[in-house]
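# Inside the fold
Residues per chain, in single letters:
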Amino acid sequence: MSAEDLEKYETDMELQLYREYRDVVGLFSHVVETERRFYLANEVDVQVRTGGGETWFEVTMSDAWVWDVYRPARFVKKVRVITFKDVNVEELAKSDLDLTKLERNS
């Protein structure tokens, strides 16, 4: 496999992942970013922990989707992340678009 083939493969995988993200984002209420991963989740709990002069974050998520191009199963029932880096949690705004109205009008 040439470097060009590998680059094309990775580009295709990223595009597939983006399309999956676009399709599932409406199913979730929160976006969670850590230094290593990006998650969509419906339940998020962040606890600040300290010990030995250090501070870290323990993030627990339920009903989650993981942005990871190399992961075969991206839907996860429960995730626990321990990190010493920043954690960003955002609540997603619910769209004004009601898909049930569109289905009835079809």
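Residue numbers here run from 1 along each chain, matching the order of that chain's written sequence. Residue-level local features of this predicted model are given only where pLDDT is at least 70; pairs of side-chain atoms are given and counted only at 80 or more, and the full residue set underlies all totals for whole chains, interfaces and linings. Computation of side-chain values: all heavy atoms of the structure, hydrogens and water removed.

Per an unreviewed UniProt entry, the protein carries the name DUF2469 domain-containing protein and comes from Ornithinimicrobium cryptoxanthini.

What follows covers the overall build of the protein. For helices the rule is a DSSP run of H or I covering at least 4 residues; for strands it is a run of E covering at least 2, with both sets numbered from the N terminus onward. Each helix and strand in the protein was counted, giving two helices and five strands. Counting from the amino terminus, helix and strand elements in the protein follow one another as α-β-β-β-β-β-α. Counting over 106 residues, the protein shows a buried share of 24%. Here a residue-residue contact requires only that any non-hydrogen atoms of the pair lie within 4.5 Å. Long-range contacts, defined here as pairs at least 24 residues apart, represent 51% of the contacts in the protein between residues at least 6 apart. Here the open area of atoms and residues is found with the Shrake-Rupley method and a 1.4 Å probe, where only the protein chains shown may cover a residue. With an accessible surface of roughly 8,000 Å², the protein has 49% of that area assigned to carbon and sulfur atoms. Type-normalised accessible area, obtained with a 1.4 Å probe on protein chains alone, sets the label of each residue: buried when under 20%, exposed when over 50%, and partly exposed for intermediate values.

The next thing to look at is the packing of aromatic side chains. In this description, a pair of aromatic rings is defined by centroid distance and the angle of the planes. Stacked, edge-to-face and tilted are the three classes for Phe, Tyr and Trp ring pairs, Trp counted by its six-membered ring, which pair at centre distances within 6.5 Å; planes under 30 degrees apart are stacked, over 60 edge-to-face, the rest tilted. In the structure shown here, the tally under the stated rule is eight aromatic pairs. An angle of 35 degrees between the planes, with centres 6.5 Å apart, marks the rings of Tyr-18 and Tyr-21 as tilted. Here Tyr-18 pairs with Tyr-21, and both are found in helix 1 (residues 3–24), just three residues apart, close to one helical turn. The exposure class assigned to Tyr-18 is partly exposed, which follows from its relative accessible area of 40%.

The nonpolar core is taken to be a set of buried Ala, Val, Leu, Ile, Met, Phe, Trp, Tyr and Cys residues, with the residues joined through side-chain atoms within 4.5 Å. With ten residues, the main nonpolar core is built from Val-32, Tyr-39, Ala-41, Val-59, Met-61, Ala-64, Val-66, Val-76, Val-79 and Val-81. Of all the elements in the fold, those that place two or more residues in this core are strand 2 (38–51), strand 3 (54–67) and strand 4 (75–83). When residues of this core are assigned to their parent elements, the largest contribution, four residues, is made by strand 3. Apart from residues lying up to four places away in sequence, Ala-41 is in contact with Phe-28, Ser-29, His-30, Met-61, Ser-62, Asp-63 and Ala-64. Among the nonpolar cores identified, the runner-up in size contains seven residues, and Val-24, Val-31, Leu-40 and Trp-65 belong to it.

The phi angle at Asp-63 is positive, at roughly 55 degrees, despite the residue not being glycine. By secondary structure assignment, the location of Asp-63 is in strand 3.

Our focus in this paragraph is a nonpolar patch on the surface. Like-charged residues within 9 Å of one another, or nonpolar side chains (Val, Leu, Ile, Met, Phe, Trp, Tyr) within 5 Å, are grouped into patches, provided each residue has over 30% relative accessible area and no salt bridge. Note on definitions: salt bridges are taken to be side-chain nitrogens of Lys or Arg within 4 Å of carboxyl oxygens of Asp or Glu. Together, Met-1, Leu-6, Tyr-9 and Tyr-70 make up an exposed nonpolar region whose accessible area comes to about 520 Å². Tracing the backbone shows Met-1 in the segment before helix 1. By relative accessible area, Met-1 is classed as exposed at 79%.

Attention now goes to the pattern of salt bridges. One pass over the structure, following the stated rule, counts six salt bridges. The partner of Asp-12 in a salt bridge is Lys-8, with the nearest N and O atoms 3.2 Å apart. On the criterion of helical spacing, the pair formed by Asp-12 and Lys-8 is a turn pair, its members being four residues apart in helix 1. Given the relative accessible area of 34%, Asp-12 is considered partly exposed. Via salt bridges that share partners, Arg-49, Glu-58 and Arg-80 belong to a single interconnected network.

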